[in-house]
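# Working through the structure, step by step
Now for the letters of each chain:
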Amino acid sequence: MENKAIEVGLVMKSLQADFFKVMQRGAEEFVKESGCCTLISTGTDSQTEIEKQVSLVRQLADDGVDAMVVVPIDSKALVSPVAEAVRKGIKVVNIDIKLDDALLEEEGVEVDFVGPDNFSASYAAGVKLASTLSKGDKVMMIEGLSVADNARQRKAGFDKAIEEYGLDCVASEPADWETGTAESVFGRLYASHPDIKAVFCCNDTMALGVINILKASGRKPGEVRIVGFDNDAVMSPLLDAGWLLATVDAYASRMGVEGIRHALSLLESGKSHSGNKATPFTIVSGK
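Values in this document were obtained by computation on a predicted structure and should not be read as measured data.

In this structure, M23, I95, I142, F186, V199, I226 and I260 are the most contacted members of the largest nonpolar core, which totals 74 residues. By residue number, the principal contributor to this core is helix α10 (residues 252–269), which donates 7 residues. Not counting the four nearest positions on each side in its chain, I95 is found in contact with L10, M23, V69, V70, V71, P72, F113, V114, M255, G256 and G259. Within the second largest apolar cluster, 21 residues are counted, among which are M68, V70, I90 and V92.

This is how it looks when you write it as structure tokens:
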């Protein structure tokens, strides 16, 4: 489909985060090469600006875009503006972080989800981490923003690995996807539990904060095993140096593209939804 008259809005979270920079770049390159549509890509300045993201969705709907691809910060708060867009006849595709199913049902709309199985990916990363530990070893989890479905799914996946391998989770708190917040949260928790063996971080941005604290405390690479999520480019040297044991690659650049493709297929078919689509993930380890 080559039609630059078609307008597709891509609404992301923090455009300061590597994951969404990659998503935006991949989407823009795809649209430029394919000529499939005019892309309006936008996002927030941080991982927690829920109201700003609600406004971005509503503005695109008011502007009359043909389709919208949305990564919600808050799985519940974004349901209402998305439902409003659907009722205006806009084809909406939800990617990366799933909107709340119960609220969508209350709104009387169906929105296709294109993205990874965060539970399975987090469980696989948790198994990778647990395989390097012994039963009873103390571990921590640094969680994502609690209102996001992917944060809940990643926590649940790691909890399953903890239970299966008999690890002792001494602390688990959210750090809202941000490096500075993770430094503050982990610094406080680490002071109370300096004997931990590992930390599962629900994204790489927070893993960076954890590693910064460990470095500042004089720990060596690998003394405390760290697992992240997203495979951000900034983490590659930390993987190679042994600070990061592993991370999950959810293919940010491809996810945005798949969301746009799905939206274009809905426009072509005239359907409002056609079913969810799972995107791949891979566990990436250091050298």
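Looking at the secondary structure, you find V11 in strand β1 (residues 7–14). Given a relative accessible area of 0%, V11 falls into the buried group. Placed 48 residues apart in sequence, V11 and Q59 show a C-alpha to C-alpha distance of 11 Å. Sequence-distant contacts of V11, defined by excluding residues within four places in its chain, comprise T42, Q53, L56, V57, L60, M68, V69, V70 and V71.

Moving on, we come to the pairing of strand β5 (residues 112–115). Across the two faces of β5 the burial is the same, with D112 and V114 and F113 and G115 all buried. Sheet topology places strand β4 (residues 91–95) next to β5; 3 bridges connect them, and they run parallel. Within β5, the position partnered with I95 by the bridge is V114. Following the chain from β4 across helix α4 (residues 101–107) to the adjacent parallel β5, one finds a crossover that is right-handed. Note: β5 against strand β11 (residues 277–278), 2 bridges, orientation parallel. If you follow G115 over to β11, its bridge partner there is A278.

For the rest of this paragraph, the subject is the side chain of D74. In this fold, D74 is placed in the loop between β3 (67–70) and α3 (79–87). Here D74 is buried and forms no salt bridge, its nearest opposite-charge partner R152 lying at an N-O distance of 6.4 Å. Within the structure, the side chain of D74 is placed 2.8 Å from the backbone nitrogen of K76, a separation counted as a polar contact. The contact partners of D74, leaving out residues within four places of it in the chain, are I50 and V147.

Let us look at the pattern of salt bridges. Counted under the stated rule, the structure contains 13 salt bridges. Here E143 ties to K155 by a salt bridge, and the two come within 3.9 Å at their closest N and O atoms. Of this pair, E143 sits in strand β6 (residues 138–143) while K155 sits in helix α6 (residues 149–165), and the two are 12 residues apart along the sequence. Owing to a relative accessible area of 12%, E143 belongs among the buried residues under this scheme. Residue classification places K155 among the partly exposed residues on the basis of a relative accessible area of 26%. Linking R219 and E223 is a salt bridge whose minimum nitrogen-to-oxygen distance equals 2.8 Å. Looking at R219, the relative accessible area reads 22%, which means it is partly exposed. Salt bridges sharing partners connect three or more residues here, namely E143, K155 and D159.

Reading the values: rules and limits
- Per chain, residue numbering runs from 1 following the sequence as it is written.
- The model is predicted, so local features are restricted to residues of pLDDT at least 70 and side-chain atom pairs to those at 80 or more, both for listing and for counting; the totals for chains, interfaces and linings are taken over all residues.
- As a rule here, side-chain values cover all heavy atoms of the structure and leave hydrogens and water aside.
- Throughout this description, the term nonpolar core refers to a set of buried Ala, Val, Leu, Ile, Met, Phe, Trp, Tyr and Cys residues connected via side-chain atoms within 4.5 Å.
- Each residue's exposure class comes from its accessible area (1.4 Å probe, protein chains only) as a fraction of the maximum for that residue type: buried when under 20%, exposed when over 50%, partly exposed otherwise.
- Counting from the N terminus, the helices are DSSP H or I runs at least four residues long and the strands are E runs at least two residues long.
- The contact definition used throughout considers only heavy atoms, calling two residues in contact when any of these lie within 4.5 Å.
- Paired strands, as defined in this entry, are two strands with at least two bridges between them according to DSSP.
- With its strands directed away from the observer, a crossover is right-handed exactly when the path from the first strand over the helix to the second travels clockwise.
- Counted as positive: Lys and Arg. Counted as negative: Asp and Glu, with His and the chain ends omitted from the count.
- In what follows, salt bridge is the name for a side-chain nitrogen of Lys or Arg lying within 4 Å of a carboxyl oxygen of Asp or Glu.
- The definition of a polar contact used here is a pair of N or O atoms within 3.5 Å, where within protein one atom must be able to donate a hydrogen and the other to accept one, and adjacent residues in sequence count solely through side-chain atom pairs.

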